[in-house]
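Architecture and fold: a report
Each chain, letter by letter, is given below.
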Amino acid sequence: MKVLTDFAGQNWLITPAALAVGEPPPASIHDQKWLLVLTGVAIANLEGNSGAQWLHETLSFLPDMAGPQNSGPLNWAIGQYSIPKPPGANYVIGFSLEEWAPFVSLSSIFNQDQSINSGFAVDVWRPTHFSNGIDAFTHQPVGNVFTGVDVDVAVRDTDAWIYRVGYNITLLGKIVFLSVPKTLFRSDFDPTPDGEPPATAQAVGTAKVEGPAGSVIVIDPPFAHFTKWVQISRPTGPEISSFVGLLTETDGFGVYNFSATIFMGSKSGIASISFETVSQGFLHLDFMPNNRVRMDDIDGTEFGSFPRNAPFVVQVTLNINAPQSTAHVVLAGGASGETDYTLLPPFQPLAPGFAAVRVWQGFPNTGAFDATDIRVTRAV
């Protein structure tokens, strides 16, 4: 993946979205829906490397939404319509989507000298994986936060260039103010040699590996990717195979966000993600053979669907509080579905001791599955 940060030009239009006949007006300006159109040209500078094969690459870019010095359409709308901001400066401005329609095309190409079977392509485009967060006013989860567009392109010939791509992105959603979270764990497998277990020191927090030797290793996978992954497999025997991310601290009551990208092959057995104290789990998700997700095998609740042989994203918002702890689970990025779940009564008292996240495969499941970009944050 190549992240584009330079633009030849950016344009935008933002206006309040009209109400349908009979539709009630928003309760406040923070509930207002906005129509936002982003157009412009991003500088790619992608050079081909072969006259016999296509070079395939994913370009990723995010136009200016709410940049420094009050730039971008969101800051303009906030000023123009006097939208109240949260007190202090510990927040970021985002755009939570209801509908989206991006478009990206070639804007400038070049082929030096003689053209030998040269070619240029924009194959497909899609929103970058949405992010989520916590509303700085209501302290409730916010999803589908726009983070840009990913564009699959291709170029062929050793002296052929895709210089620029043009875009037209139409979005419908709400302007949101998100609390800046505190990161408690973030994986980073890139420094670890292929075939070795993950390092103890991660980007944030520490990790440990449990299970038979060689059952949890770092890989450079054969599918399209831009970071290394951890592969978890359970060959035989009673042991489980686990990658455990240990949080930097145990913060007790609060709102926590977990996210990870998962890859399940066609022969992958049940894969699991658990949320744990220092000694036992209080919630876990099972990725089932029927391509659905089960919430705690005691309860048996299933929802959504996920693909095989393609990466997808899992996001869990844990709201841990004294009367009752809940989880909001979202599948995205090739998977789909979401559910609200109340922790089972035996596990409610354990949730404030949240200290680790476990990605694992247990008896009697075999095969392998992969994970990357494992993160835990807490709203502050």
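Keep in mind that this is a model prediction, so the values were computed, not measured. (Residues numbered from 1 in each chain as written. Predicted model: local features only at pLDDT ≥ 70, side-chain atom pairs only at ≥ 80, totals over all residues. Heavy atoms only, no water.)

1. A word on the overall build of the chain
Across its full length, the chain holds 1 helix and 25 strands. The C-alpha atoms of the chain give a radius of gyration of 23 Å, which matches the 21 Å a tight globule of 380 residues would have. The principal-axis extent of the C-alpha atoms belonging to the chain is close to 60 × 60 × 40 Å. Looking at the 380 residues of the chain, the share that counts as buried comes to 48%. Contacts in the chain between residues far apart in sequence, at least 24 positions, make up 72% of those at least 6 positions apart. Just so you have it, the chain exposes about 17,200 Å², and 53% of that area is on carbon and sulfur atoms. (Helix = DSSP H or I, 4+ residues; strand = E, 2+ residues; numbered from the N terminus. Rg over C-alpha atoms; globule rule 2.2 N^0.38 Å. Buried < 20%, exposed > 50% of the residue type's maximum accessible area, 1.4 Å probe, protein only. Contact = heavy atoms within 4.5 Å. Areas by Shrake-Rupley, 256 points an atom, 1.4 Å probe, with all protein chains shown as cover.)

2. Quick look at helix 1 (residues 72-80)
Turning to helix 1, its buried residues are G72, P73, L74, N75, A77 and I78. At the C-terminal side of helix 1, S82 shows a positive phi close to 55 degrees.

3. Here we look at unusual backbone geometry
Of note, the amide linkage connecting F363 to P364 takes the cis form, showing an omega dihedral of 5 degrees. Relative to the elements of secondary structure, P364 occurs in the loop between strand 24 (356-361) and strand 25 (368-378). Phi angles above zero are rare outside glycine, and N291 is one such case at about 65 degrees. Mapped onto the elements, N291 comes out in the loop between strand 18 (281-287) and strand 19 (293-295). Even without glycine at this site, N309 takes up a positive phi of about 65 degrees. On the secondary structure map, N309 appears in the loop between strand 20 (301-303) and strand 21 (311-320).

4. What to know about the pattern of salt bridges
One pass over the full model with this rule turns up 12 salt bridges. The partner of K182 in a salt bridge is D251, with the nearest N and O atoms 3.1 Å apart. On the criterion of sequence distance, the pair formed by K182 in strand 11 (residues 182-186) and D251 in the loop between strand 15 (241-246) and strand 16 (254-264) is long-range, its members being 69 residues apart. Taking relative accessible area as the criterion, K182 reaches 29% and is therefore assigned partly exposed. One salt bridge in this structure joins R378 and D251, with 3.9 Å as the shortest N-O distance. With R378 in strand 25 and D251 in the loop between strand 15 and strand 16, this residue pair connects regions lying 127 residues apart in the sequence. One connected set of salt bridges, linked through shared partners, spans K182, E249, D251 and R378. (Salt bridge = Lys/Arg side-chain N within 4 Å of Asp/Glu carboxyl O.)

5. Side note on the packing of aromatic side chains
Scanning the entire structure with this criterion turns up 21 aromatic pairs. Between the aromatic rings of W161 and Y163, the centroid separation amounts to 5.6 Å while the plane-to-plane angle is 25 degrees, which identifies the pairing as stacked. On the basis of relative accessibility, which here comes to 27%, the residue Y163 falls in the partly exposed class. Each member of the aromatic cluster is reached from another via a ring pair, and the members are Y256, F258, F275, F282 and F354. (Phe/Tyr/Trp six-rings, centres within 6.5 Å; stacked < 30°, edge-to-face > 60°.)

6. Regarding the pairing of strand 22 (residues 326-332)
Looking along a regular strand, one sees the side chains alternate between the two faces of the sheet. Bridge analysis of strand 21 against strand 22 gives 7 bridges, and the strand direction is antiparallel. Bridging across to strand 22, T317 finds its partner in H328. Turn length for the strand 21-strand 22 hairpin, with the two strands adjacent in sequence and antiparallel, is 5 residues. Relative to strand 23 (residues 337-342), strand 22 runs antiparallel, the two sharing 6 bridges. By the bridge assignment for strand 23, L331 is matched with G337. (Pairing = 2+ DSSP bridges.)

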